[in-house]
Amino acid sequence: MNRQARQCALAGLMLLAILLSPTLCRAREYLQLFVTEPYLELHTGPGRGYPVFHAVPRAESIDVLFRRTDWFKVRTERGVEGWASQADMLKTAYADGTPFKFDLGDRAGFASHLWEFGVMPGQYGGASLISAYASVSINPHLAVEGSLGQFLGRYSNGVTGDIGFDHVVWPEARCSPLLLIGLGEVHIEPKATLVQPANRNEPTAYVGVGLRFYLSRRFFLRAQYAAHYIFTTRTSNEEVDEWKLGLAFFF
Amino acid sequence: METGSRVLLLTLVVVALSGCSTVSGWFHHGTPKNASGSTESGGPNPVSAPDQENAPPRVVEPEVTRRQITVPRIKSSNFELGAYYGVLSIEDFGSQEVYGLSAAYHITEDFFFQGDVGRSRAGLTSYETLNGNLRLLTESERLFTFYDLSLGYNFLPGEAFLGRGTAMTSAFYILGGLGATDFAGDTMFTVNFGAGYCVVPSDWLALRIAVQDRVFQSSLLGTTKLTNNIQATFAVNVFF
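Residues numbered from 1 in each chain as written. Chains lettered and ligands numbered in written order. Predicted model: local features only at pLDDT ≥ 70, side-chain atom pairs only at ≥ 80, totals over all residues.

**A closer look at the overall build of chain A**
Secondary structure assignment for chain A yields four helices and 15 strands. In chain A, once contacts between residues fewer than 6 apart in sequence are set aside, the share between residues at least 24 apart is 46%. (Helix = DSSP H or I, 4+ residues; strand = E, 2+ residues; numbered from the N terminus. Contact = placed C-beta atoms within 7 Å.)

**Focus on the sheet that holds strand 9 (residues 127–137) of chain A**
Residues and elements named next belong to chain A. Taken together, eight strands build a closed barrel; the order of strands is 8-9-10-11-12-13-14-15 and the barrel is antiparallel. Neighbour to neighbour, the strand axes of the sheet diverge by 25° on average, direction disregarded. Bridge count for strand 11 (residues 156–168) against strand 12 (residues 175–190) is 13 bridges, and the pairing is antiparallel. Considered in strand 12, the bridge of valine 168 is made with leucine 178. (Pairing = 2+ DSSP bridges. Axes fitted to C-alpha atoms, helices over the stretch in contact; angles between N-to-C directions.)

**As for the interface of chain A and chain B**
Many authors give the size of an interface as the accessible area that is lost as the parts come together. Across the boundary between the two partners, chain A contributes 41 residues, which contact 37 residues of chain B. The element that contributes the greatest number of residues to the side of chain A that touches chain B is strand 4 (residues 61–68) of chain A, accounting for four residues. Within the side of chain A that touches chain B, the residues separate by chemical class into 22 nonpolar, 11 polar and eight charged. (Nonpolar A, V, L, I, M, F, W, Y, C, P; charged D, E, K, R; others polar.)

**Points about the pairing of strand 6 (residues 186–202) of chain B**
Residues and elements named next belong to chain B. Across 15 bridges, the pairing between strand 5 (residues 166–183) and strand 6 is antiparallel. Bridged to glycine 179 within strand 6 is threonine 190. What sits between the antiparallel neighbours strand 5 and strand 6 is a turn of two residues, in which alanine 184 has the positive phi angle 55°. Bridging between strand 6 and strand 7 (residues 205–218) involves 10 bridges; their strand directions are antiparallel. Bridged to glycine 194 within strand 7 is glutamine 212. Connecting strand 6 to the antiparallel partner strand 7 that follows it, the hairpin turn spans two residues.

**Points about the pairing of strand 4 (residues 143–162) of chain B**
Regular strands have side chains that alternate between both faces of the sheet. Residue and element names in this part refer to chain B. Pairing between strand 3 (residues 111–121) and strand 4: 11 bridges, direction antiparallel. Within strand 4, the residue paired with phenylalanine 111 across the bridge is tyrosine 153. In this structure, strand 4 lies alongside strand 5, joined through 16 bridges in antiparallel fashion. Directly across from alanine 160, in strand 5, lies its bridge partner methionine 168.

**Concerning the domain arrangement of chain A**
Domain annotation of chain A identifies domain 1 (23–93) and domain 2 (108–250). For domain 1 of chain A and domain 2 of chain A, the distance between their C-alpha centres works out to 43 Å. (Domains from an automatic or database assignment.)

**What to know about the sheet that holds strand 4 of chain B**
All names here are of chain B. Overall, antiparallel pairing links the eight strands, which are arranged 1-2-3-4-5-6-7-8 in a closed barrel. Neighbour to neighbour, the strand axes of the sheet diverge by 25° on average, direction disregarded. For strand 1 (residues 79–90) and strand 2 (residues 94–106), the ladder comprises 12 bridges, and the chain directions are antiparallel. When the sheet's bridge partners are listed, serine 89 is paired in strand 2 with serine 95.

**Section: the environment of Val209(A)**
Assignment of secondary structure puts Val209(A) in strand 13 (residues 200–216). Separated by 16 residues in the primary sequence, Val209(A) and Tyr225(A) have C-alpha atoms spaced 5.5 Å apart. Apart from residues no more than four positions distant in its own chain, Val209(A) is found in contact with Pro177(A), Leu178(A), Leu179(A), Gln224(A), Tyr225(A) and Leu9(B).

**Description of the environment of Glu77(A)**
Residues and elements named next belong to chain A. Residue position: glutamate 77 is located in the loop between strand 5 (71–76) and strand 6 (81–85). Glutamate 77 sits in the exposed class, given 11 other C-beta atoms within 10 Å. Setting aside residues up to four positions removed in sequence, glutamate 77 forms contacts with Glu60 and Ser61. (Buried ≥ 20, exposed ≤ 12 C-beta atoms within 10 Å, placed from the backbone.)

**So, the confidence of the model for chain A**
All names here are of chain A. Per-residue pLDDT for chain A averages 88, and the proportion of residues at 70 or more is 88%. Ranking the elements of chain A by mean pLDDT puts helix 2 (residues 22–25) last with 45 and strand 10 (residues 142–152) first with 96. Every residue in residues 22–26 scores below 50 in pLDDT, and together they form three contacts with partners more than four places removed in sequence or on other chains. (pLDDT = per-residue confidence, 0-100.)

**A few points about the nonpolar core**
Side chains that are nonpolar tend, in soluble globular proteins, to be buried together. With 19 residues, the main nonpolar core has Leu152(A), Ile90(B), Phe144(B), Ala180(B), Met188(B) and Phe189(B) as its most contacted residues. Elements with a minimum of two residues in this core: strand 9 and strand 10 of chain A together with strand 1, strand 4, strand 5 and strand 6 of chain B. Setting aside its immediate chain neighbours within four residues, Ile90(B) contacts Gln96(B), Ser120(B), Ala122(B), Phe144(B) and Asn229(B). Ranked by size, the runner-up nonpolar core spans 14 residues in total, among them Leu40(A), Tyr50(A), Trp83(A) and Ala84(A). (Core = buried A, V, L, I, M, F, W, Y, C linked by C-beta atoms within 7 Å.)

This is the structure:
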């Protein structure tokens with residue numbers, strides 16, 4: 001009886017120890033990789049100019065703490081922390097021997113992706129324009145896009161909001177034309193010194209053409225022209241030319 | 001653009017969009033399915049039908065389930081968010097304190113995007129100071145509010161040493177961009193450019209000292225002129 005009680009108490013203590021031990025209960029916090037080259041160089045900072053201060057020998061493991069741009073902060077088994085470049089990290093392997101892979105974006109992703117964001121300055125009817133857009137792809141050719149812009153001109157300021165479709169003609173090509181069509185709204189604040197006209201909101205529609213050019217990783221250039229029609233309550237509608245050029249990224 | 005050209009462009013877009021939902025498979029040619037199996041294509045055919053019939057039945061069916069291993073994700077730390085405080089010299093309106101928020105996204109070790117919003121309050125012009133109670137702007141018009149979207153470039157990266165035991169990574173940077181400034185009852189298109197020095201004392205903290213010029217056209221004092229509004233700021237940013 002006494003022996004049974006002791007065994008029960010021991011089992012209970014062991015269970016408690018297991019429950020309280022964070023290293024045993026918690027899944028591994030950081031990714032563990034193994035050096036497969038003769039050595040892995042660690043730099044003092046996340047940049048090509050920072051000096052190498054440590055070398056991790058082959059077959060030793062490293063914990064990947066986090067990533068900043070193309071650099072990975074790692075910790076060795078001996079507790080040394082340093083920065084390894086992406087090119088060097090791609091020569092390490094997982095515990096099962098498969099090579100480490102990390103997706104920083106490529107042409108295949110450019111051809112077919114879900115989300116796209118960009119900032120594009122330009123001109124809107126002669127006024128300076130600052131705009132940003134986001135799009136979600138239905139298929140590699142077709143995407144739904146929403147954009148917001150602020151135009152600042154000599155005669156009026158305002159804000160535009162558009163939603164529409166983008167058609168990428170050749171998604172696999174590094175440089176491909178785009179076709180754009182959609183609807184929107186514009187808020188116009190006219191500037192006048194003598195008589196101050198009222199601000200107005202008007203519905204708009206646009207049709208346009210553009211060009212996208214893959215730069216590197218997840219980034220590309222985008223340029224576009226769109227003819228905007230502003231449906232006014234007056235006798236005639238207004239036509240506004242919009243030119244934009246900017247940098248965008250996808251993921 | 002001429003109306004004829006617009007109609008032509010519209011027609012082109014409508015024709016292209018009407019058919020584009022069907023063209024997703026144009027460039028994704030999968031391997032054609034061969035109905036007669038892999039024998040025609042010369043692929044291996046390890047077990048022929050008579051062999052399968054003659055094979056002895058398995059005594060024990062192995063029930064092996066592969067263990068699912070979840071690989072921890074690598075956290076990225078490319079964003080910076082923080083606040084800044086400094087002095088802004090508004091042309092013709094004296095120097096005042098300026099404060100705001102800034103966010104940055106590091107694209108590569110060299111380039112980063114930065115977005116800022118900030119506010120200051122303009123002081124008095126020399127004309128107002130000399131004329132006693134005369135005021136050119138109301139109190140609300142004196143608020144100087146701005147935003148910028150800029151692209152930055154790190155150059156001269158290095159390390160700053162604090163005593164014998166502490167080394168911090170550092171870099172000089174230049175940046176330039178576009179934005180808008182709301183001042184004196186008007187919103188002006190604004191071009192900004194500047195330079196700064198950044199020190200990173202720990203993995204999550206960045207300290208920045210920057211000088212930035214914000215240039216816009218103003219016609220507030222009668223004639224339209226390009227105004228330079230230079231600011232010097234100290235920023236504390238957190239990486240995440």
